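The chain contents come next:
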Amino acid sequence: MEVALITVGDELLAGDTVNSNANWLATRLTERGVTVTRILSLPDDRATIAKHVVEYSDAFDAVIVTGGIGGTPDDVTMEAVADAFDREMVVREATLEHVEGTIEAYRETRPELDLDIDTDLEASIPEGSRPLLNDEGLAPGCVIENVYVLPGIPGELKAMFESVSEEFSGESISAFLYTVEPEANITWALGEVQEQFDVAVGCYPDREQQHNRLKITATDRESLDDARVWLLENVDASEKEVSRDWDA
């Protein structure tokens, strides 16, 4: 299963907010055997979001779009996704009831707040989409065809993703090795193991830990194990983290 991630928000592009959502989602999806093929950050621009949703929906098994949902003027993601599928925005009974109930709960716990919220605007989702209720916040998400629209607030995002996480699964599996060999000394081995066993190998230097981390990825256990054993036999590597003073 190949998935693309689209994170929306001018604040991401300006560096005002760290894009922790993309990292968290990529980690959770990888744990489920899914291959994350694209991670794209976009501005709060309706046409730009719609264009990339159409492109990625056609190209990948699923698309997750996060951020820019709600009732403020810069929250255009839900409308953009509706545009991508040529749908109208509609208010569903389930989303409206949930939004109204959440607002009422806010009023009971925070009576000092003067809440003036357009509940219809807050509860609107693209026509024909499946609503995803926001148990940690207000604005709902949705699923339309193979596109999942989730909130940008991390706590809300995580809770909503967990409600649909079982819909994401794949065959990708990985193993890690560690070596103190310089990258230049093992380039030949990394190329050869990929050719022999049809696996992908990434080499990630870690100066703080003073080692290289090798990640082997495959779609079947036999290929992964064969590649792992071959590297252990041909490279000064270990399945446990090792370190050495490279500057010595």
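Quick caveat: nothing in here was measured; it's all calculated off a predicted structure.

A.B. asks: What is the right way to read helix H5 (residues 93-109) from this model?
C.D. replies: Since one α-helical turn is 3.6 residues long, residues separated by three or four positions face the same way. Between its first and last C-alpha, H5 extends 24 Å over 17 residues, near the 24 Å set by a 1.5 Å rise per residue. The complete set of buried residues in H5 reads Thr 95, Leu 96, His 98, Val 99, Thr 102 and Ile 103. In a view along the axis of H5, the buried residues occupy a sector of 165°, so they form one face of it. When the buried face of H5 is taken as reference, the exposed residues oriented beyond 90 degrees from it are Glu 93 and Glu 108. In this structure, the buried side of H5 is in contact with strand S4 (89-91), helix H6 (119-123), strand S5 (124-126) and strand S6 (130-132).

A.B. asks: What exactly am I supposed to notice about the sheet that holds strand S9 (residues 173-179) here?
C.D. replies: Strand pairing in a sheet relies on backbone hydrogen bonds. The paired strands run either parallel or antiparallel. Pairing in this open sheet of 4 strands is antiparallel, and the strands run S10-S11-S9-S12 from one edge to the other. Looking at which strands have only one partner, the edges of the open sheet turn out to be strand S10 (200-206) and strand S12 (237-238). As paired elements, S10 and strand S11 (residues 211-218) share 7 bridges and run antiparallel to each other. Residue Asp 206 lies in a different strand from S11, and its bridge partner there is His 211. Where helix H9 (residues 221-234) meets the sheet, its contacts fall on S9, S11 and S12, and the angle it forms with S9 comes to roughly 5°.

A.B. asks: What is the right way to look at the side chain of Asn 146 in this model?
C.D. replies: Mapped onto the elements of the fold, Asn 146 is located in the loop between strand S7 (141-144) and strand S8 (147-150). Here the side chain of Asn 146 touches Ser 57 through a polar contact of 2.6 Å, side chain to side chain. Once residues lying within four places of it in the same chain are set aside, the contact partners of Asn 146 are Ser 57, Phe 60, Asp 61, Ala 62 and Val 63.

A.B. asks: Sorry if this is basic, but what is going on with the environment of Leu 115 here?
C.D. replies: Structurally, Leu 115 can be placed in the loop between H5 and H6. The exposure class of Leu 115 is partly exposed, given its relative accessible area of 22%. Taking the C-alpha atoms as reference, Leu 115 lies 8.0 Å from Ile 103; in sequence the two are 12 residues apart. If sequence neighbours within four positions are ignored, Leu 115 has contacts with Ile 103, Tyr 106 and Arg 107.

A.B. asks: Please explain the pairing of S8 as it appears in this structure.
C.D. replies: Residues in a regular strand point their side chains to alternate faces of the sheet. By the alternation rule, side chains of S8 split into Val 147 and Val 149 and Tyr 148 and Leu 150, which are all buried. Across 4 bridges, strand S3 (residues 62-66) lies against S8 in parallel orientation. If you follow Ile 64 over to S8, its bridge partner there is Tyr 148. Here S7 runs beside S8; their pairing, made up of 3 bridges, is antiparallel. Opposite Cys 142, over in S8, you have Val 149 as the bridge partner.

A.B. asks: How should the sheet that holds S7 be read in this particular structure?
C.D. replies: Spatial ordering of the open sheet is given by S2-S1-S3-S8-S7-S6, a layout of 6 strands whose pairing is mixed. At either margin of the open sheet sits one strand with a lone partner, and together these are strand S2 (35-42) and S6. Across the sheet, the mean angle separating the axes of adjacent strands is 15° when strand polarity is ignored. Looking at chain direction, strand S1 (residues 2-8) and S3 are connected through 5 bridges and run parallel. Looking across to S3, one finds that Ala 4 is bridged to Val 63.

A.B. asks: I keep staring at the nonpolar core and nothing clicks. Help me out?
C.D. replies: The nonpolar side chains of a soluble globular protein tend to be buried with one another. Counting residues in each nonpolar core, the largest one holds 25 residues, and the members touching the most others are Ile 6, Val 53 and Val 147. Put simply, the parts of the chain that give this core at least two residues each are S1, S2, helix H3 (46-59), S3, helix H4 (77-84), S7 and S8. Not counting residues within four places of it along the chain, the set of residues in contact with Val 147 comprises Val 53, Ser 57, Val 63, Val 65, Val 81, Phe 85 and Cys 142. The next biggest cluster of nonpolar side chains, apart from the first, holds 19 residues, and it includes Ala 175, Leu 214, Ile 216 and Trp 230.

A.B. asks: Mind showing me how you'd approach the packing of helix H2 (residues 20-31) against helix H7 (residues 154-164) here?
C.D. replies: What describes two packed helices is the angle between their axes and the distance between those same axes. As a packed pair, H2 and H7 sit with axes 11 Å apart at the nearest point and diverge in direction by 20°. Regarding the angle of H2 to H7, the classification is roughly parallel. Both H2 and H7 take part in a crossing whose hand is right-handed. Where H2 approaches H7, its residues Ser 20, Asn 21, Trp 24, Leu 25, Arg 28 and Leu 29 are matched on the opposing element by Pro 154, Leu 157, Lys 158, Phe 161 and Glu 162.

Analysis parameters
- Residues numbered from 1 in each chain as written.
- Predicted model: local features only at pLDDT ≥ 70, side-chain atom pairs only at ≥ 80, totals over all residues.
- Heavy atoms only, no water.
- Helix = DSSP H or I, 4+ residues; strand = E, 2+ residues; numbered from the N terminus.
- Expected span 1.5 Å × (residues − 1).
- Buried < 20%, exposed > 50% of the residue type's maximum accessible area, 1.4 Å probe, protein only.
- Arc of directions from axis to C-beta.
- Contact = heavy atoms within 4.5 Å.
- Pairing = 2+ DSSP bridges.
- Axes fitted to C-alpha atoms, helices over the stretch in contact; angles between N-to-C directions.
- Polar contact = N/O pair within 3.5 Å; in protein donor to acceptor, adjacent residues only side chain to side chain.
- Core = buried A, V, L, I, M, F, W, Y, C linked by side-chain atoms within 4.5 Å.
- Parallel < 35°, antiparallel > 145°, perpendicular 65-115°, else oblique.
- Left-handed = near helix turned anticlockwise from the far one by under 90°.

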